[in-house]
Amino acid sequence: MGEMGKRKLDTGWFAARSTEVKLTGVELTTTHPPSSPDQPWMEAVVPGTVLATLVKNNLVPDPFYGLENESIIDIADSGREYYTFWFFTTFHCKLSGNQHVDLNFRAINYSAEVYLNGHKEVLPKGMFRRHSLDVTDIVHPDGENLLAVLVYPPDHPGRIPPEGGQGGDHEYPIKHCHRDRNTGIWDEVSISVTGPMKIVDPHLVSSFFDNYKRVYLHATTGLVNKSARVAECSLNVQVTTEVKGGFCLVEHLRTEHVSVPPGASVQYTLPELFFYKPHLWWPNGMGKQSLYNVEIGVEVKGFGESDMWNHHFGFRKIESEIDSVTGGRLFKVNGQPVFIRGGNWILSDGLLRLSKKRYQTDIKFHSDMNFNMIRCWGGGLAERPEFYHYCDIYGLLVWQEFWITGDCDGRGIPISNPDGPLDHELFLLCARDTVKLLRNHPSLALWVGGNEQVPPEDINTALKDELKLHPYFQISTQSGNSQEDIFPLLDDPSQYLDGTRIYIQGSMWDGFADGKGDFSDGPYEIQYPESFFKDDFYKYGFNPEVGSVGMPVAATIRATMPPEGLQIPLFKKLSNGYVEEVPNPMWEYHKYIAYSKPGLVHDQILLYGTPTDLDDFCLKAQLVNYVQYRALLEGWTSRMWSKYTGVLIWKNQNPWTGLRGQFYDHLHDQTAGFYGCRSAAEPIHVQLNLATYFVEVVNTTSDELSNVAIEVSVWDLEGKCPYYKVFENLSVPSKRTVPIFEMDYPKSKNQTPVYFLLLKLYNISDYGILSRNFYWFYLPGGDYKLLEPYRKKKVPLKITSQVFIRGSAYEIRMHVRNTSKKPDSENLLYKNRFIERDSDGDFDVASLEAVNSRIEEKKEGGLIRRIFSRFQHEANALRVAEVNGTEVGVAFFLHFSVHASKPDHKEGEDTRILPVHYSDNYFSLAPGEEMPINLSFEVPPGVTPRVTLHGWNYHTGHTIL
């Protein structure tokens, strides 16, 4: 018998422009297959767009580099044939008696002809729909199979209006990188081998009773009988969970007998499974992301195991309503209100070179920032299962928008698509298929019809009806009624298309922005940090988009732009005293946002002195990035539940080398704003209200804080501490932001023009740090220019580190100490021993992937336990590095980077190893203070990593490892 299960076809693809191939699809897949990437054939990127393939083969320049995108012909000028491409690959597939094989395309844009071994199938149109072809009678069961796919661009690719959809970065969807309108095989291709019975689109739903003590798992699955005989089936359901030591515990094992007529497709609802006090899935910062592995297998009498499906499932209930106090949309998970702090997501890569590895980095970055929601913006994608897989793991709630946005529909000059999508039925078909693809993920929180507008009436009405909540999800979880009291006349909830999460018609409706659809999101520019705390900054309860600056580090600019793009902005003094930044054309093309807003906000970079070059500009920009985004989130959190229910920043990342609003760049290097967010969005946080000057404690957790204290210290540029206080025996209720005391510095005497403020919230019992927050300030009317000569101050550091190696993966654990002053031996706070929360620490992704791999490749079900192989860390000896210095002071704005040590290094080459996950970066240390810092990253083969430390007073860089 052939090997059962799914196999991806993600290697060995060739591609060629259709006009350059003189053979038919039948000939390509019978007598004249391409055997090598010789003209006109080339190596193809699958998944990816046609443009991704052309870039890979250097046939067009990299559209992300400088202004190169302008040299790539747009489909509106070239015509559709120019971006109509053949894709070709081969595969082997062994079949034996009564086995069946399907050829699966999870997404193609926009339509295609498929040729397999001389046989032709036409795939219908639509970017967001799956295709599955039964090719059992076409494959060569013991030999090579030839597959050719002719992919056509959208029927109406359009032309960007002279004035685009909505300002800002409205031009991105077409003008930047999408010259081919995303034509291509842009998602997974696979073959799946089954027996006579196939499992299709199971739907898993959990229901909760008795305050989450009694839980039921509901499941409905499609079953397709591919044979010409009645199939007598045993439908098996197994639910397992991993326990300590890498063992799997079987929570449930159940078998149902089903009879399916020949050639029939049926929906079968399994009897619900009962769980008592299962581990719940929680969003990031609220608890653990507990996941159970649900396996559904079908065995056919006379054949044996026919098919198996598995999914990692989280028991959780999401509720949402309009908050009566703030008017903003309120989300609850497992009965607990969630204060939303997150951001907008465009897509992982503008050329749709989507991969699990990149998704994992992207989503872990969001978790590292302590975010709890990602909004998949309507101008992007219905995100892929791999995206949701990692959101499940790292606890990111997802707002998934459908493909309605003013960038493409109803705005611009001239107006584009005033009636929305050209084919409404196709839109709805793709929407339904997307729901089926994603609905089992616990991270998926809500569906939204469109970005800043509502779908056309017929589409909106259909989505409201088909995505309506099951009645159970309109019933209070706290009800003490038995399941039998609630469900006697109701359909099983797993029989709904979804039924478990709300549908909102648009991003500014029903509790978002003003709730009425007026343009009431934003703003999108630089702000004074204190503005975010003021009553008049934003007047609605939930802001779905508020944005600001996003300058990356200098190394990224050098890696993505030619020399003429390295020129920093000109600072043009205006008659009203403000400064206008004039960026070079490349920065403007890449949507640079200035650090000034003439007439409203003075230039925030110039507060630190006029930049001298690119490195100086980008470093000062990082200072502003940190302050800006920390203040944004702290300002919102200061009014948690009293004025706001949540905020989403525009935007978290860029799918290309854009310079507009981002916390990490397209190369995966973080900005300092990343760590400003990480600080501000802590579940337990101490902060300074920049409007009232009160020190506040934020407690977003479900537990009261008690027996805690706050240490306040002020440090001047001479390394002295003119102000020190401790406030003890504090308590902070759950889900509250509480002002504790008003800072009387610098109102007191002996102020210094520039000073540092260090706040520490800690447990009195053991000095464990709950939150640490480091600020830098200038007196009213002043600036930070005294920090310029401070750069010359030589403050000594001692860094101890230990390296752990696991194959190509490195983990480095460091302690960085400012040794310019001996710490007070009676005060253990200097060690910064941070308290680890229950939800801290990475989910064991390796184990989860091991389960997935085993199920996908071997389909081994029914095991009582699985023993997972573990990589053993290879630990090196403790290393010590010292940075010499003789002066006492704050070690300011320290940041690490990791580089490749290469003997053939070329001058100007970008040697960074990316991505790197840091427990913290862009941090500062008071005299005598110590900070634990952990780094993790992977290195390419044959590369030795080198860790470098830079800082405000360490601008030349020091090699630590």
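Residues numbered from 1 in each chain as written. Predicted model: local features only at pLDDT ≥ 70, side-chain atom pairs only at ≥ 80, totals over all residues. Heavy atoms only, no water.

An unreviewed UniProt entry annotates the protein as Mannosylglycoprotein endo-beta-mannosidase originating from Rhododendron griersonianum. The protein has a UniProt comment under Sequence similarities (unreviewed entry) that states "Belongs to the glycosyl hydrolase 2 family." (UniProt positions renumbered as here; feature names shortened; annotations may be inferred.)

**Regarding the overall build of the protein**
Counting its regular elements, the protein contains 15 helices and 46 strands. A globule of 961 residues ought to have a C-alpha radius of gyration of about 30 Å, and the protein, at 29 Å, matches this closely. For the protein, the spread of C-alpha atoms along the principal axes amounts to about 90 × 65 × 60 Å. For the protein, restricting intrachain contacts to residue pairs at least 6 apart in sequence, the fraction spanning at least 24 positions comes to 74%. Carbon and sulfur atoms provide 50% of the accessible area of the protein, an area that totals close to 36,700 Å². Side-chain charges of the protein comprise 94 positive and 119 negative groups, with the mean position of each set lying 4 Å from the other. (Helix = DSSP H or I, 4+ residues; strand = E, 2+ residues; numbered from the N terminus. Rg over C-alpha atoms; globule rule 2.2 N^0.38 Å. Contact = heavy atoms within 4.5 Å. Areas by Shrake-Rupley, 256 points an atom, 1.4 Å probe, with all protein chains shown as cover. Lys, Arg positive; Asp, Glu negative; His and termini not counted. Charge placed at Lys NZ, Arg CZ, Asp CG, Glu CD.)

**Observations concerning empty space enclosed by the protein**
Empty space among the atoms becomes apparent when a probe as large as a water molecule is rolled across them. Under the counting rule described, the total for this entry stands at eight cavities of 30 Å³ or more. Within this model, the second largest cavity holds a volume of roughly 120 Å³. Lining the second largest cavity are 15 residues; nearest its centre among them are M286, F339, R341, N372 and T700. Of the residues contributing to the lining of the second largest cavity, the split by class is eight nonpolar, five polar and two charged. (1 Å grid on protein atoms, 1.4 Å probe; cavity = no way out; pocket = protein on both sides within 12 Å on 5 of 7 lines; lining within 4 Å. Points joined across faces, edges and corners; volume = space filled by probe spheres on them. Nonpolar A, V, L, I, M, F, W, Y, C, P; charged D, E, K, R; others polar.)

**Description of the pairing of strand β38 (residues 809-818)**
When strand β37 (residues 797-806) meets β38, the two strands line up antiparallel, connected through 10 bridges. Across the sheet, residue F804 finds its bridge partner in β38, namely E811. Linking β37 back to β38 in an antiparallel pair, the connection comprises two residues, with G807 at a positive phi of about 65°. Of the pairings in the sheet, the one linking β38 to strand β44 (residues 930-938) comprises nine bridges and is antiparallel in character. Pairing of E811 across the sheet is with S936, part of β44. (Pairing = 2+ DSSP bridges.)

**Concerning the pairing of strand β5 (residues 100-105)**
The two faces of a sheet get side chains in turn, since along a regular strand they alternate between them. With six of six residues buried, β5 lies mostly within the body of the structure. Neither face of β5 is exposed, since H100, D102 and N104 on one face and V101, L103 and F105 on the opposite face are all buried. Inspection of the sheet shows β5 paired to strand β10 (residues 189-194) by six bridges, in the antiparallel sense. Considered in β10, the bridge of F105 is made with V189. Here β5 runs beside strand β8 (residues 131-134); their pairing, made up of four bridges, is antiparallel. Residue pairing for β8: L103 is matched across the bridge by L133. (Buried < 20%, exposed > 50% of the residue type's maximum accessible area, 1.4 Å probe, protein only.)

**Here's the deal with the pattern of salt bridges**
For side chains bearing opposite charge, pairing can occur when the charged atoms are close. Inspection of every chain in the model, using the stated rule, returns 44 salt bridges. Of the charged contacts, one joins K725 and D744 as a salt bridge, the two residues approaching to 3.1 Å between their closest N and O atoms. Here K725, found in strand β33 (residues 723-732), pairs with D744, found in the loop between β34 (736-742) and β35 (754-763); they are 19 residues apart in sequence, far enough to count as distant. Each member of the salt-bridge network shares a partner with another, and the members are K6, K8, R106, D187, E188, R384 and E386. (Salt bridge = Lys/Arg side-chain N within 4 Å of Asp/Glu carboxyl O.)

**Some thoughts on a nonpolar patch on the surface**
Nonpolar side chains collect at one region of the surface, where V243, F247 and L249 lie side by side and expose about 210 Å² of accessible area between them. Tracing the sequence through the fold places L249 in strand β14 (residues 247-260). (Patch = residues over 30% accessible without salt bridge, like charges linked within 9 Å, V, L, I, M, F, W, Y side chains within 5 Å.)

**So, helix α6 (residues 385-394)**
Counting buried positions along α6 gives 10 out of 10 residues, so the element sits mostly inside the fold. Buried within α6 we find P385, E386, F387, Y388, H389, Y390, C391, D392, I393 and Y394. The positive-phi residue at the C-terminal boundary of α6 is G395, with phi of around 80°.

**So, the side chain of H366**
By the secondary structure assignment, H366 is in helix α5 (residues 356-368). For H366, the side chain forms a polar contact with the main-chain oxygen of D362, separated by 2.7 Å. (Polar contact = N/O pair within 3.5 Å; in protein donor to acceptor, adjacent residues only side chain to side chain.)

**Considerations on the confidence of the model for the protein**
Looking at the protein as a whole, its pLDDT mean stands at 91, while 91% of the residues score no less than 70. Here residues 164-176 is modelled with pLDDT under 50, and outside its nearest four sequence neighbours on either side it reaches 43 contacts, counting other chains as well. A low-confidence stretch, residues 840-844 stays under pLDDT 50, and its non-local contacts, those more than four residues away or across chains, total nine contacts. (pLDDT = per-residue confidence, 0-100.)

**Quick notes on the environment of Y775**
With respect to the helices, strands and loops of the structure, Y775 is situated in strand β36 (residues 769-778). For Y775, a relative accessible area of 2% gives the class buried. Taking the C-alpha atoms as reference points, Y775 and D307, 468 residues apart in sequence, are found 58 Å from one another. In this structure Y775 touches R630, E634, Q687, L688, Y755, F756, L757 and L759, once residues within four positions along its chain are discounted. Polar contacts involving the side chain of Y775 include one to the side chain of E634, which spans 3.0 Å.

**A few points about the environment of E929**
With respect to the helices, strands and loops of the structure, E929 is situated in the loop between β43 (923-925) and β44. Under the relative-accessibility criterion, E929 is labelled buried at 2%. Sequence separation between E929 and K822 is 107 residues; the distance between their C-alpha atoms is 8.6 Å. For E929, the contacting residues outside a window of four places in its chain are L758, K760, R772, V816, R817, N818, Y830, N832 and S924. For E929, the side chain forms a polar contact with the main-chain nitrogen of A926, separated by 2.9 Å.

**As for helix α7 (residues 424-438)**
Its 15 residues place the ends of α7 21 Å apart at the C-alpha level, agreeing with the 21 Å of an ideal helix rising 1.5 Å per residue. Most of α7 sits inside the fold, with 11 of its 15 residues counted as buried. H424, L426, F427, L428, C430, A431, D433, T434, V435, L437 and L438 are the residues of α7 that are buried. At its buried positions, α7 is contacted by α6, β23 (397-401), β24 (444-448) and α8 (457-466). Capping the start of α7 is the job of one residue whose side-chain oxygen sits 3.2 Å from the backbone nitrogen of E425: D423. (Expected span 1.5 Å × (residues − 1).)

**Overview of the packing of helix α12 (residues 614-638) against helix α13 (residues 672-680)**
Where α12 meets α13, the closest approach of the two axes is 7 Å, and the angle between their N-to-C directions is 30°. Taken together, the axes of α12 and α13 lie roughly parallel to each other. Every pair of crossing elements has a handedness; the one defined by α12 and α13 is right-handed. Listed contacts from α13 to Q622, N625, Y626, Y629, R630, L633 and E634 of α12 are A672, G673, Y675, G676, C677, S679 and A680. Residue composition of the contact of α12 with α13, by class: seven nonpolar, five polar and two charged. (Axes fitted to C-alpha atoms, helices over the stretch in contact; angles between N-to-C directions. Parallel < 35°, antiparallel > 145°, perpendicular 65-115°, else oblique. Left-handed = near helix turned anticlockwise from the far one by under 90°.)

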